[in-house]
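Fold and geometry: a report
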Amino acid sequence: GEDVEQSLFLSVREGDSSVINCTYTDSSSTYLYWYKQEPGAGLQLLTYIFSNMDMKQDQRLTVLLNKKDKHLSLRIADTQTGDSAIYFCAESRGGFQKLVFGTGTRLLVSP
Amino acid sequence: DVKVTQSSRYLVKRTGEKVFLECVQDMDHENMFWYRQDPGLGLRLIYFSYDVKMKEKGDIPEGYSVSREKKERFSLILESASTNQTSMYLCASSFGGPSTDTQYFGPGTRLTVL
């Protein structure tokens, strides 16, 4: 299919790990991205991974890339209430640096 | 820091009005983009521009037009607003060339068409 797919909701308790999953479509995508959107705000780049990498770690964030299955995940360790937001994955597709975004996963962190 | 600003955070217009949404970036980026965001649909690309006076249709251009007269400014125009154009509109910009495709976003304009 053409869509970048994500589950719509995830609920975790503070201190737990969160794993947000994404399935993308274009095996030739050069970069894959995770963006965060807090309520009432625009999108903020969290991290990205180059397509020849399997994993990238950045403090509490771990990105895993399975190119065979076209599966991308974002793990947030020790999730905090401030992590509550919508998380979008995106793949680069086509020319002119176009990105195709997933539907977004709303993460709710409860105390 | 890259800064992308949008002219309004909230806008209310009537059906049939002509609506202008303005976006300005201060990092000399080549590429600029307009998206709309709707619940359950994620971000959908309306139009983008890779240079001054250049524009390309995105996935949902119907009912919209754009203008890029200066490098730093990209305008989205709704020629005759309709209720189904009520949405959150997000502008983004990125460097040209072979660098990453990282896009930097403005805060968004929530448009309501009555």
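Below you will find a few notes about this structure. The model shown is predicted, which means the values in this text are computed figures rather than measured ones. (Residues numbered from 1 in each chain as written. Chains lettered and ligands numbered in written order. Predicted model: local features only at pLDDT ≥ 70, side-chain atom pairs only at ≥ 80, totals over all residues. Heavy atoms only, no water.)

1. A word on the state of the cysteines
Our working rule: Criterion for a disulfide: a pair of cysteine sulfur atoms within 2.5 Å. Only runs of H or I of at least four residues qualify as helices and only runs of E of at least two qualify as strands under DSSP, and these elements are numbered from the N terminus. Remark: exposure states derive from per-residue accessible area (1.4 Å probe, protein chains only) relative to the maximum for the residue type, with buried under 20%, exposed over 50%, and partly exposed in between.
Applying the stated rule across the entire model yields two disulfides over all chains. Here Cys 22 of chain A is linked by a disulfide to Cys 89 of chain A, with a sulfur-sulfur distance of 1.9 Å. Because the torsion about its S-S bond is 70°, the bridge between Cys 22 of chain A and Cys 89 of chain A counts as right-handed. Pair noted here: Cys 22 of chain A is in strand β3 (residues 18-23) and Cys 89 of chain A is in strand β9 (residues 85-92), with a separation of 67 residues, a long-range link. You can call Cys 89 of chain A buried: its relative accessible area is 0%. Covalently, Cys 23 of chain B is tied to Cys 91 of chain B through a disulfide, its sulfur atoms 1.9 Å apart.

2. A few points about the environment of Thr 109 of chain B
Residue and element names in this part refer to chain B. Defined as follows: Contact definition: two residues touch when any of their heavy atoms are within 4.5 Å.
Residue position: Thr 109 is located in strand β11 (residues 109-113). Considered as a pair, Thr 109 and Ser 67 are 42 residues apart in the sequence and their alpha carbons are 17 Å apart. Not counting chain neighbours up to four residues away, the residues in contact with Thr 109 comprise Gln 6, Ser 8, Arg 9, Leu 11, Leu 21, Ser 87, Met 88 and Tyr 89.

3. Description of the side chain of Asn 31 of chain B
Residues and elements named next belong to chain B. The following threshold applies: The term polar contact refers here to a pair of N or O atoms within 3.5 Å; inside protein, the definition further demands a hydrogen-donor-capable atom paired with an acceptor-capable atom, and it admits residues adjacent in sequence only when both atoms are side-chain atoms.
Along the chain, Asn 31 falls in strand β4 (residues 31-38). Judged by its relative accessible area of 4%, Asn 31 falls in the buried class. Polar contacts involving the side chain of Asn 31 include one to the main-chain carbonyl oxygen of Phe 95, which spans 3.1 Å.

4. Observations concerning the sheet that holds strand β7 (residues 64-70) of chain B
Residues and elements named next belong to chain B. For clarity, the threshold we go by: In this description, strands pair whenever DSSP reports at least two bridges between them. Lines are fitted to the C-alpha atoms to define the axes, a helix being fitted only along its stretch in contact, and any angle between axes, read from their N-to-C directions, falls within 0 to 180 degrees.
The strand order across the open sheet formed by four strands is β1-β3-β8-β7, and the pairing between neighbours is antiparallel. The outermost strands of the open sheet, each flanked by one partner alone, are β1 (4-6) and β7. Taken pair by pair, the neighbouring strands of this sheet meet at an average axis angle of 20°, ignoring direction. Pairing analysis gives five bridges linking β7 to strand β8 (residues 73-78), with the strands arranged antiparallel. Within the sheet, the bridge partner assigned to Tyr 64 lies in β8 and is Leu 78.

5. Comments concerning the interface of chain B and chain A
What counts, and what does not: Take the accessible area each of two parts loses on contact, using a 1.4 Å probe, and add the two losses: that sum is the buried area. Salt bridge criterion: a side-chain nitrogen from Lys or Arg within 4 Å of a carboxyl oxygen from Asp or Glu.
Counting residues at the interface gives 25 residues for chain B, matched by 20 residues for chain A. Summed over both partners, the interface of chain B with chain A buries about 1900 Å², with 57% contributed by carbon and sulfur atoms. Counting across the chain B and chain A interface gives zero salt bridges. Viewed at the interface, chain A and chain B are joined by five residue pairs in polar contact (both at pLDDT 80 or more). Looking at the side of chain B that touches chain A, the elements with two or more residues in it are β4, β5 (42-49) and β9 (87-94) of chain B.

Read these as layout, nothing more, since geometry by itself doesn't imply function.
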